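# Fold and geometry: a report
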Amino acid sequence: MPSKRKATPLVQDAPKAGRASKVSTPGPATPRSVDSDDSDEAGEDSKELNKVIAQNVQRFDISFFPYMLPPGVTDTASIYFQPAQKRDFTDLPLKPDHHNRPLWIDAEPISRPAFLHEYRLTTHSLYAAVSVGLGPRDIISTIDVFLKNRMPPNIVRYITHCGKSYGKVKIVLRNNKYFLETTDPAVLQMLLKDPEIGPCRVQGAEEITTSAPTMAGLAIAGTKNAAGVREAGGSDKSNLNQNQTGRDPTTKEMFTTLNEDDDRNVIYAFQIKDEKVSTVAERCLTLHYPALEEYDFRNDYLNANLEIDLRPATQIRPYQEQGLSKMFGNGRAKSGIIVLPCGAGKTLVGVTAACTIKKGVIILATSNMSAIQWKNEFLKWSNIAPDSIAIFSSENKSVFTGNTGVIITTYSMVSNTRERAHDSAKMMLFITSREWGLMLLDEVHVVPAQMFRTVIGSIKSHSKLGLTATLLREDDKIEDLNFLIGPKLFEANWMELSQEGFIARVQCAEVWCPMSTEFYDQYLQADIRNRLLFCIMNPSKFQACQFLIKYHESRGDKIIVFSDSVYALEAYAKKLMKPYLYGGTGNAERQEILEYFRNSPQCSTLFLSKIGDTSLDLPEATCLIQISAQYGSRRQEAQRLGRILRAKRRNEEGFNAFFYTLVSKDTSEMFFSSKRQAFLVDQGYAFKVITHLKNIETTPGLAFTTPKERRELLQNILIEVERKSWAQEEEKESAALLADGNLFYGLDDKLSRRAPKRRGGAVARRIAGTLKDLGGGQDMAYIEQNKSVNKSVKKKGPHSAFFKAMKRGNERRRQLE
DNA sequence: CACTCCGGAA
DNA sequence: GACGATCCGGAGTG
């Protein structure tokens, strides 16, 4: 373990820590805290505290913050430690001078609203801490300095243990083969005997290497230098567009001195099967020997070097550099994840990493569009030759010309298990058969999905860098990233970035729209599936939306309205005469609308479906209204907010972006909404609740003010609900019926089976629906179908439904046999 | 363009 | 009794 390596100082963090300590409002982080920004009453105490923090922070490079208990509440000190079951630590002895000590938690952040920051100490966070160069003793003593109470011995043991076992096991790629390496023969034996790791070994291929890689002859810039630049970068945040330092602060300063690899020169290793790498990594983690990936790219003479460097004009922001310094902290490339908010320049981080390693790079993006964006960013920020960069997707299969280069592809392209097109297969062979220096994983939170994790195994790369804005999923697979890719190296603080003007300041609000009685009745009566539609189409919600659009348009904002329901999207947009965009919109039309929205002053409002959550780049938008959302998806909420974070106008004085969520009162939307907000609240955003929009009654021209209009609206919704359920049953029936093999018996069978669930009337209607289907009549669809070719109509075509169902039935039967 | 498979959310 | 379910998007292939 490197004893005292000087890590990069955290200049920005120190004053911030002080600010956080000015606690004026007691109480825990309530989701809806009042937005009271700068309460500038810095007492002498906190100034003193600042000093202490500043002194100690310098030695650490993890984003950690103290949080202070409110004055006067000194005797309920509590630390949130992961291994402990209870969260009350009142029985721990307090230090005599505890009032001078804030609590100081060194871990990954789980929640950081305005005044109270909650962090959690986990195995992963400790490993991450050690991986950036902190020894367990450093961690313990630093926490102790700021701790109000004595550290419980079990925590000490826990930290020490994590520190010891860390870094003993490494996964290394050599000559296109994966090896598990360790310097400790006992550990090697232990791993080989492990029932899970043992079988993953390639028999007869073990080896003992005696030549540990040395760092001799490496020109690594000193720490002093790096610190100086960081100082400069930290202080001139306002002039981030000017290249003030006059030199390229990118690669050299990222390295700090290193003095490990001292006397150990025997490495024990055995080869593991390519496809088992993630299994082994997972097992190692559970055995508390996390397998690291480190790439000594400067001493890699086997893989060709890539001619790539950052353009001289490219300026890296301090937080980006901070993240990168974690990755290259010891002169090698460590695998891991960097978390930055949307719009904070994730791509530039990736490009810089590529420029540092200067080997073959493979980039995995989520969509075709983002692949193209990656290419453009590479050309923009770096001097890479245009023929050294290629995109590999279904419509574009070029290869770079030289020995090595950059390949951009999509997850689904690589993880495709089905039969491939000919040149696609050839391309895959090319990709899987060579070694890559760096694998960049964009939107890395998608990787844990079963489909995508195969990517990790099939492409051999020396290091991996995952980038994401929202490191969260609603399932528990996010933890898997720790062994699939590596620890979280860096996470930016949203609030801090917005205070410094790197991303826009956002005002978040939740608007409660009352439900009119007739709608509420229908809502209660409706099937659980259709309930949401009534919430969304709630006339007062519509009015609120209209009002907000009007208000913000008059302020000159560019507005995006999000709706998950395509039906509602269309209804709203048509009624308000605004353009709308959803999945079914053709590509050409899509571009046209986007162009129109971007450039035309006449068009300042755009309606978007889920399509806008990712991949669409709309830097002009400054206001966002959400009229419906996907249940409780925190990720979606964060991504949508991200749409306006990169607002071009963010640097204008006093500029605010707005984020509204419209919620129908007393419906399930309320519950989901609060769930969705959780992540943003954790990031420090305060959601205001607006129960009544000022002057809404006196606003002229609002829709649905008369009972007649509302009745009509309700009628239309009911028709839609009907149509929907009809289409569903049609589908179900034809599917089920064909699966049974006999059309007519099957029909009877189905009907009698499901009859008890519904009343007689339903049965009659269902027969009608089925007959309609068989006969090819489309009368019902006619009502809803207007000039726009609706996707649902396409789907409902008797043809496709019929054959689809038949095929499905056949498939199922074949599988049974 | 049609078909297929997949993800994400309860 | 087993089995299945939703919607809306995306990408790849033919």
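Cut-offs used in this document
- Residues numbered from 1 in each chain as written.
- Chains lettered and ligands numbered in written order.
- Predicted model: local features only at pLDDT ≥ 70, side-chain atom pairs only at ≥ 80, totals over all residues.
- Heavy atoms only, no water.
- Pairing = 2+ DSSP bridges.
- Helix = DSSP H or I, 4+ residues; strand = E, 2+ residues; numbered from the N terminus.
- Contact = heavy atoms within 4.5 Å.
- Axes fitted to C-alpha atoms, helices over the stretch in contact; angles between N-to-C directions.
- Salt bridge = Lys/Arg side-chain N within 4 Å of Asp/Glu carboxyl O.
- Buried < 20%, exposed > 50% of the residue type's maximum accessible area, 1.4 Å probe, protein only.
- Expected span 1.5 Å × (residues − 1).
- UniProt positions renumbered as here; feature names shortened; annotations may be inferred.
- Phe/Tyr/Trp six-rings, centres within 6.5 Å; stacked < 30°, edge-to-face > 60°.
- Lys NZ or Arg CZ within 6 Å of the ring centre and 35° of its normal.
- Arc of directions from axis to C-beta.
- Polar contact = N/O pair within 3.5 Å; in protein donor to acceptor, adjacent residues only side chain to side chain.
- Parallel < 35°, antiparallel > 145°, perpendicular 65-115°, else oblique.
- Left-handed = near helix turned anticlockwise from the far one by under 90°.
- pLDDT = per-residue confidence, 0-100.

Read from one edge to the other, the open sheet built from seven strands follows the order S22-S23-S21-S24-S25-S20-S26, with strand pairing classed as parallel. At either end of the open sheet lies a strand with only one pairing partner, and these are strand S22 (580–581) and strand S26 (687–690). Strand direction decides the pairing type here: S22 and strand S23 (residues 605–608), joined by two bridges, are parallel. Opposite Tyr580, over in S23, you have Phe607 as the bridge partner. Here helix H22 (residues 634–645) sits on the sheet in contact with strand S20 (506–513), strand S21 (559–562), strand S24 (623–626), strand S25 (657–664) and S26, set at roughly 145° to S25. Here helix H23 (residues 668–682) sits on the sheet in contact with S20, S24, S25 and S26, set at roughly 155° to S25.

Turning our eyes to something else, we now look at the pattern of salt bridges. By the definition in use, this model includes 26 salt bridges. Two residues, Glu294 and Lys170, come together in a salt bridge whose shortest N-O distance is 3.7 Å. You can see Glu294 sitting in strand S10 (residues 294–295) and its partner Lys170 sitting in strand S5 (residues 169–174), a full 124 residues away along the chain. Between Arg453 and Asp480 there is a salt bridge, with its nearest N and O atoms 2.6 Å apart. With Arg453 in the loop between strand S17 (435–441) and helix H14 (454–458) and Asp480 in the loop between strand S18 (460–468) and helix H15 (481–484), this residue pair connects regions lying 27 residues apart in the sequence. Arg453 gets classed as buried once you look at its relative accessible area, which sits at 17%.

Taking 1.5 Å per residue, twelve residues should reach 16 Å; helix H10 (residues 346–357) reaches 17 Å between its end C-alpha atoms and fits that length. Of all twelve residues in H10, twelve are buried; the element is thus mostly enclosed. Of all the positions in H10, only Lys346, Thr347, Leu348, Val349, Gly350, Val351, Thr352, Ala353, Ala354, Cys355, Thr356 and Ile357 are classed as buried. Count one or two residues on from H10 and you reach Lys358, which has phi positive near 60°.

What follows concerns the UniProt feature "domain: Helicase ATP-binding" (unreviewed entry) in chain A. In the numbering adopted here, UniProt assigns the feature "domain: Helicase ATP-binding" (unreviewed entry) to residues 327–489. As annotated, residues 327–489 comprises 31% helix and 25% strand, and the C-alpha atoms at either end are separated by 7 Å.

Relative to the elements of secondary structure, Ile272 occurs in strand S8 (residues 267–272). A relative accessible area of 0% means that Ile272 is categorised as buried. Taking the C-alpha atoms as reference points, Ile272 and Val202, separated by 70 residues in sequence, lie 5.3 Å from one another. If we skip the residues at most four places from it in the chain, Ile272 touches Tyr178, Phe179, Cys200, Arg201, Val202, Val277 and Val280.

We describe a pair of aromatic rings using the distance from one ring centre to the other and the angle between the two ring planes. For the structure shown, the criterion picks out 16 aromatic pairs. By way of ring pairs, the aromatic residues Tyr295, Phe297 and Phe328 are connected into one cluster. Above the plane of the ring of Trp436 lies Arg434, whose end atom (NZ or CZ) is 5.2 Å from the centre. Looking at Lys558, its charged tip hangs above the ring of Phe597, at a distance of 5.0 Å from the centre.

Residues of helix H6 (residues 185–193) that are buried include every one of Val187, Leu188, Leu191 and Leu192, and no others. Seen from one end, H6 has its buried residues packed into an arc of 130°, which puts them on one side. Turned more than 90 degrees away from the buried face of H6 sit Ala186 and Lys193, all of them exposed. Residue Asp184 occupies the N-cap position of H6, its side-chain oxygen lying 2.9 Å from the main-chain nitrogen of Ala186.

Right, let's talk about the sheet that holds strand S14 (residues 389–393) for a bit. With mixed pairing, the eight strands of this open sheet are ordered in space as S15-S14-S16-S13-S17-S18-S12-S19. One side of each edge strand has no neighbouring strand; the edge strands of this open sheet are strand S15 (396–397) and strand S19 (488–491). Of the pairings in the sheet, the one linking S14 to S15 comprises two bridges and is antiparallel in character. Residue pairing in the sheet places Ser393 in a bridge with Asn396 of S15.

A word on the packing of H22 against H23. At a closest axis distance of 8 Å, the pairing of H22 and H23 adopts a crossing angle of 60°. Relative to H23, the element H22 lies oblique. Where H22 crosses over H23, the two elements pack in a sense that is right-handed. Side by side, H22 and H23 meet where Arg634, Gln636, Glu637, Ala638, Arg640 and Leu641 of the first sit next to Lys675, Arg676, Gln677, Ala678, Phe679 and Leu680 of the second.

Take the side chain of Lys464 next. Among the structural elements, Lys464 can be located in strand S18. By relative accessible area, which is 3% here, Lys464 ends up buried. A distance of 2.8 Å separates polar atoms of two side chains, one belonging to Lys464 and the other to Glu293. Among all residues touching Lys464, those that are not within four sequence positions of it are Glu293, Lys334, Ser335, Gly336, Leu438, Met439, Leu441, Ile456, Leu484 and Ile485.

A word on unusual backbone geometry. Of note, the phi angle at Lys358 is positive, near 60°, even though the residue is not glycine. Here Lys358 is to be found in the loop between H10 and strand S13 (361–365). Even without being a glycine, Phe704 presents a positive backbone phi close to 55°. Of note, Phe704 is situated in the loop between S26 and helix H24 (707–740). Residue class for Phe704 comes out buried when judged on its relative accessible area of 6%.

For the rest of this paragraph, the subject is the confidence of the model for chain A. Scored by pLDDT, chain A comes out at a mean of 71, with 67% of its residues at no less than 70. Within the model, the stretch residues 1–46 combines pLDDT values under 50 with 94 contacts to residues more than four positions away or in other chains. pLDDT under 50 marks residues 49–89. Its contacts with residues more than four places away, or in other chains, come to 116 contacts.

So, about the environment of Ser424. Along the chain, Ser424 turns up in helix H13 (residues 422–432). With 140 residues separating them along the chain, Ser424 and Asp564 place their C-alpha atoms 34 Å apart. When sequence neighbours within four positions are dropped, the list of residues in contact with Ser424 reads Phe392, Lys397 and Met413.

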